[in-house]
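Listed below are the residues making up each chain.
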Amino acid sequence: MIYLDNAATSWPKPHAVYNEVLNCMRKYCANPGRSGHKMAIQASEKIYECRENICKIFGIANPLCVSFTSNTTEALNMGIKGLLKPGDHAIITSMEHNSVLRPLKKLETSGVKLSIAKADINGRVNPKDILKYINKKTKLIITTHASNVCGTINPIKEIGIVAKENKLIHMVDAAQTAGVYPIDVKEMNIDILAFPGHKGLLGPQGTGGLYVREGIELDTLKEGGTGSVSESPYQPEFIPDRYESGTLNTPGIAGLNEGVKYILNTGLNEIMRHERELTKHMLEGLHSISKVEIYGTTQLEQRVGVVSINIKGKDCIDVCTELDEKFALESGTVRLSIGCFNTKQDIDKVLKAINEIAK
């Protein structure tokens, strides 16, 4: 089956991911941090191992700064709502996902102010344009690392410098780049990083995380059992317990750990090279089809493997329906977002299908 919907969820996963989820369920799926027996301790150790491996991916010094979430959306909500108070001002870009925009629109009703810096025709934001919106009430700049629509990569490091020079907090949505494109939180001046486990990090659905730089304290989005200081009626102040109320998804995190290990063993640069090569092949093929309009930059080093197109004279919904009805039944689900397990042959079949629809 051809699968090109990796911008939503990566598939397939490395075999070790499936195996460890089942292994966890069979052998050590107890409640981490809640008990002192062997299974609970093994579950806690596996979760901490995953924190450490995630730190290796993102250049994070302290594993306790990584909190696990169910997805990027939860992580973004934790960061946004935990940081902004009535009267605060935030700056985002016009390319942000609804997981950023909707929480902020909710906060606007309670007095948070919002400015939106427009991206250029290719979906890229100029850091100088963000400077125009900074005022005395500005507290936070949020930027998507790469667009989920056109794949364009934003200059995160330069935007982070703008934030740092103006003593602002810089939050990054890494939904399309975590595990696919190099991220170093210190080098890129990232204070808060929200990331999915189920996309480029190759873990199961229901996994994600939030990195919060030491020195930044978020208000809690939820309170409850953490397995620590249970005698206190108040939420623990220390991390990651402060942000991790309730039983963690131990099987999912165990699987995520294997996905991260696969990336570390394969090499992030090798994964990026492979996906970039396939993206180049896809873009060249699409450019040769006269009726196809391609969105986003043509510069490969400034985009990830997410390609959005329209076919002149056809509604995009009709194109999706035709791809699904005429080609998916024979070849699997066809989407234009590339993953590390796709091949050149996959792309050739997609190009053939689009060419037939365009004709």
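Nothing here was measured: the structure is a model prediction, and the numbers come from that model.

Colleague: Explain the environment of Asn249 to me, please; I cannot follow it from the model alone.
Modeller: With respect to the secondary-structure elements, Asn249 resides in the loop between strand 7 (208-212) and helix 7 (250-266). Not counting residues up to four positions away in its chain, the partners in contact with Asn249 are Gln205, Gly206 and Thr207. Within the structure, Asn249 has its side chain in polar contact with the backbone nitrogen of Gly252 (distance 3.0 Å).

Colleague: Is there a simple way to explain the sheet that holds strand 7 in this structure?
Modeller: Adjacent strands of a sheet pair through backbone hydrogen bonds, lying either parallel or antiparallel. Strand order across the open sheet formed by seven strands is 1-7-6-5-4-2-3, with mixed pairing between neighbours. Looking at the sheet topology across the chains shown, the edges are occupied by strand 1 (66-69) and strand 3 (113-117). The sheet shows a mean angle of 20° between the axes of neighbouring strands, taken without regard to direction. Direction of pairing for strand 6 (residues 192-196) relative to strand 7: antiparallel, over a ladder of five bridges. The residue of strand 7 that forms the bridge with Ala194 is Leu210. Sheet strands in contact with helix 4 (residues 98-108) are strand 2 (89-93), strand 3, strand 4 (138-144) and strand 5 (169-173), and its direction is about 145° off that of strand 3.

Colleague: Help me understand the packing of helix 8 (residues 268-287) against helix 10 (residues 344-358) in this model?
Modeller: The packing of two helices is summarised by the inter-axis angle and the distance between the axes. Two numbers describe how helix 8 lies on helix 10: the axes approach to 10 Å, and their chain directions differ by 20°. With respect to each other, helix 8 and helix 10 are oriented roughly parallel. For the crossing formed where helix 8 meets helix 10, the hand is right-handed. On helix 10, the residues that touch Leu278, His281, Met282, Gly285 and Leu286 of helix 8 are Lys344, Ile347, Asp348, Leu351 and Ile354.

Colleague: Help me out: how do you make sense of the pairing of strand 4 in this one?
Modeller: A regular strand places its side chains on the two faces of the sheet in alternate fashion. By the criterion of burial, strand 4 is predominantly enclosed, with six of the seven residues buried. Across three bridges, the pairing between strand 2 and strand 4 is parallel. Across the sheet, His89 pairs through a bridge with Thr138, a residue of strand 4. Since strand 4 and strand 5 lie parallel, the crossover through helix 6 (residues 156-165) that links them has a hand, and here it is right-handed.

Colleague: Honestly, unusual backbone geometry in this entry has me stumped. Any pointers?
Modeller: When glycine is set aside, most residues are seen to have a negative phi, and most peptide bonds are trans. Residue Pro12 is reached from Trp11 by a cis peptide bond, and omega for that bond is 0°. The topology assignment puts Pro12 in the segment before helix 1 (15-27). With a phi angle near 55°, Asn189 is a residue other than glycine that sits in the positive phi range. You can see Asn189 is positioned in the loop between strand 5 and strand 6. We classify Asn189 as buried; its relative accessible area is 13%. Of note, Leu202 is a non-glycine position whose phi angle comes to about 70°, a positive value. In this structure, Leu202 sits in the loop between strand 6 and strand 7.

Colleague: Help me understand a nonpolar patch on the surface in this model?
Modeller: Residues Met1, Trp11 and Tyr18 make up a contiguous nonpolar surface patch of roughly 340 Å² in combined accessible area. With respect to the helices and strands, the residue Met1 is situated in the segment before helix 1. Given the relative accessible area of 64%, Met1 is considered exposed.

Colleague: I would appreciate a short explanation of the side chain of Thr9 in the present structure.
Modeller: Along the chain, the position of Thr9 falls in the segment before helix 1. A relative accessible area of 14% means that Thr9 is categorised as buried. Only 3.2 Å separates the side chain of Thr9 from the side chain of Gln205, close enough to count as a polar contact.

Colleague: What is the right way to read the side chain of Asn6 from this model?
Modeller: Structurally, the position occupied by Asn6 is in the segment before helix 1. A distance of 3.2 Å separates a polar side-chain atom of Asn6 from the backbone nitrogen of Trp11. Only 3.3 Å separates the side chain of Asn6 from the side chain of Asn342, close enough to count as a polar contact. Ignoring anything within four residues of it in the chain, the contact list for Asn6 reads Trp11, Lys199, Ser337, Ile338, Gly339 and Asn342.

Colleague: In this structure, what is going on with the packing of aromatic side chains? I would like to understand it.
Modeller: Each aromatic ring pair is summarised here by two numbers: the centre-to-centre distance and the angle between the ring planes. By the definition in use, this model includes three aromatic pairs. Ring centres of Phe58 and Phe195 lie 5.0 Å apart, and the angle between their planes is 50°; this geometry places the pair in the tilted category. Placement of Phe58 in helix 2 (residues 38-58) and of Phe195 in strand 6 is noted, with a sequence separation of 137 residues between them. Pair check on accessibility: Phe58 and Phe195 agree, each one buried.

Colleague: Quick question: what am I supposed to make of the pattern of salt bridges here?
Modeller: Note on pairing: side chains with opposite charge can pair once their charged atoms come close. Scanning the model with the defined rule gives 18 salt bridges in all. Ionic pairing is found between Lys85 and Asp219, a salt bridge with its closest N-O pair at 3.3 Å. Of the two residues, Lys85 sits in the loop between helix 3 (72-83) and strand 2 while Asp219 sits in the loop between strand 7 and helix 7, which places them 134 residues apart along the sequence. Using a relative accessible area of 40% as the deciding quantity, one classes Asp219 as partly exposed. Here Glu237 ties to Arg242 by a salt bridge, and the two come within 3.2 Å at their closest N and O atoms. Linked by salt bridges that have partners in common, Glu20, Lys46, Glu49, Glu258 and Lys261 make up one network.

Colleague: Mind showing me how you'd approach the pairing of strand 2 here?
Modeller: The element strand 2 is extensively covered by neighbouring structure, given that five of its five residues are classed as buried. Of the two faces of strand 2, both are covered, the one formed by His89, Ile91 and Thr93 as well as the one formed by Ala90 and Ile92. Looking at chain direction, strand 2 and strand 3 are connected through five bridges and run parallel. Residue pairing across strands places Ile91 opposite Ser115, the latter belonging to strand 3. Remark: the strand 2/helix 4/strand 3 crossover connection has right-handed handedness.

What counts as what
- Residues numbered from 1 in each chain as written.
- Predicted model: local features only at pLDDT ≥ 70, side-chain atom pairs only at ≥ 80, totals over all residues.
- Heavy atoms only, no water.
- Helix = DSSP H or I, 4+ residues; strand = E, 2+ residues; numbered from the N terminus.
- Contact = heavy atoms within 4.5 Å.
- Polar contact = N/O pair within 3.5 Å; in protein donor to acceptor, adjacent residues only side chain to side chain.
- Pairing = 2+ DSSP bridges.
- Axes fitted to C-alpha atoms, helices over the stretch in contact; angles between N-to-C directions.
- Parallel < 35°, antiparallel > 145°, perpendicular 65-115°, else oblique.
- Left-handed = near helix turned anticlockwise from the far one by under 90°.
- Buried < 20%, exposed > 50% of the residue type's maximum accessible area, 1.4 Å probe, protein only.
- Right-handed = clockwise from strand over helix to strand, strands pointing away.
- Patch = residues over 30% accessible without salt bridge, like charges linked within 9 Å, V, L, I, M, F, W, Y side chains within 5 Å.
- Areas by Shrake-Rupley, 256 points an atom, 1.4 Å probe, with all protein chains shown as cover.
- Salt bridge = Lys/Arg side-chain N within 4 Å of Asp/Glu carboxyl O.
- Phe/Tyr/Trp six-rings, centres within 6.5 Å; stacked < 30°, edge-to-face > 60°.

Interpretation in functional terms is not warranted from these geometric data alone.
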